[in-house]
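Geometric and topological summary
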Amino acid sequence: MRLLLFTTLLLLAQFANAQTFTKTQVVDGIPWSIAFDFADDGRIFSTKKGAWAPQAVCAEIRVHDVTGNDLGVFYNLSDSVHASGEYGLLGITLDPNFSQNHFLYCFYTYSTDPANGGDIHFRVQRFTESNNVGTQPIILLDLDVQDTLTRIHVGRNIHFRPS
């Protein structure tokens, strides 16, 4: 009985101290947006997963100012991303030292032959930001995973752990 009373009091205390959150839309009009990250200066980098239709993938990283205004395409990966099912441009993160090195990393699925069901690969790619544009793309990981996946529940992301 004491345990039940203690648990009830503990839960009541938790609810009494609960914070209220306000939902605020910052960026609008990005279909298939999956992931985003914030730079120290307030810019927002976001991904478009890539809606798939044969020869019609639109997978890109976009950049927005602190108020959500679109500053344009950071990098277009439409020629690299395989976006059928739940595949696509799924993750993005800024380097912990982004303000110094300007590195942005993304995670996406790639196919050697998307029209004919080619091998699926997971890729991690790094870009160097220069005036809101991705430059110097480098593929850091290219992992063939074709035999281990279906096209559903492929949710992946990429982050740095706190230091």
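Throughout what follows, the structure given in this document is the object of discussion.

How each quantity is defined
- Residues numbered from 1 in each chain as written.
- Predicted model: local features only at pLDDT ≥ 70, side-chain atom pairs only at ≥ 80, totals over all residues.
- Heavy atoms only, no water.
- Phe/Tyr/Trp six-rings, centres within 6.5 Å; stacked < 30°, edge-to-face > 60°.
- Helix = DSSP H or I, 4+ residues; strand = E, 2+ residues; numbered from the N terminus.
- Buried < 20%, exposed > 50% of the residue type's maximum accessible area, 1.4 Å probe, protein only.
- Pairing = 2+ DSSP bridges.
- Axes fitted to C-alpha atoms, helices over the stretch in contact; angles between N-to-C directions.

Some remarks on the packing of aromatic side chains
- Within the structure shown, the criterion is met by eight aromatic pairs.
- Between Phe74 and Phe127, the aromatic rings sit 6.0 Å apart at their centres with planes inclined by 85°, giving edge-to-face as the arrangement. Of this pair, Phe74 sits in strand E4 (residues 70-76) while Phe127 sits in strand E7 (residues 120-130), placing them 53 residues apart in sequence. Residue Phe74 shares its accessibility class with Phe127, and that shared class is buried.
- Plain terms: the ring middles of Tyr75 and Phe127 are 4.4 Å apart, the flat faces sit at 40° to each other, and that makes the pair tilted. With Tyr75 in strand E4 and Phe127 in strand E7, this pair connects stretches of sequence that are 52 residues apart.
- Here the aromatic cluster, defined as three or more aromatic residues joined through ring pairs, consists of Phe45, Phe74, Tyr75, Phe98 and Phe127.

Structural notes on the sheet that holds strand E6 (residues 103-111)
- Pairing is antiparallel in the open sheet, where four strands are placed in the order E5-E6-E7-E8. Whereas interior strands pair on both sides, the edge strands pair on one side only; in this sheet they are strand E5 (89-94) and strand E8 (133-144). Between one strand axis and the next, the sheet turns through 20° on average, direction left out of account.
- Looking at chain direction, E5 and E6 are connected through five bridges and run antiparallel. Paired with Thr93 across the bridge in E6 is Tyr105.

Quick notes on unusual backbone geometry
- Although it is not a glycine, Asn131 sits at a positive phi angle of roughly 55°.
- Checked against the element boundaries, Asn131 lands in the loop between E7 and E8.
- Using a relative accessible area of 70% as the deciding quantity, one classes Asn131 as exposed.
- For Asn132, which is not glycine, the phi torsion reads 70° and is therefore positive.
- Note on placement: Asn132 falls in the loop between E7 and E8.

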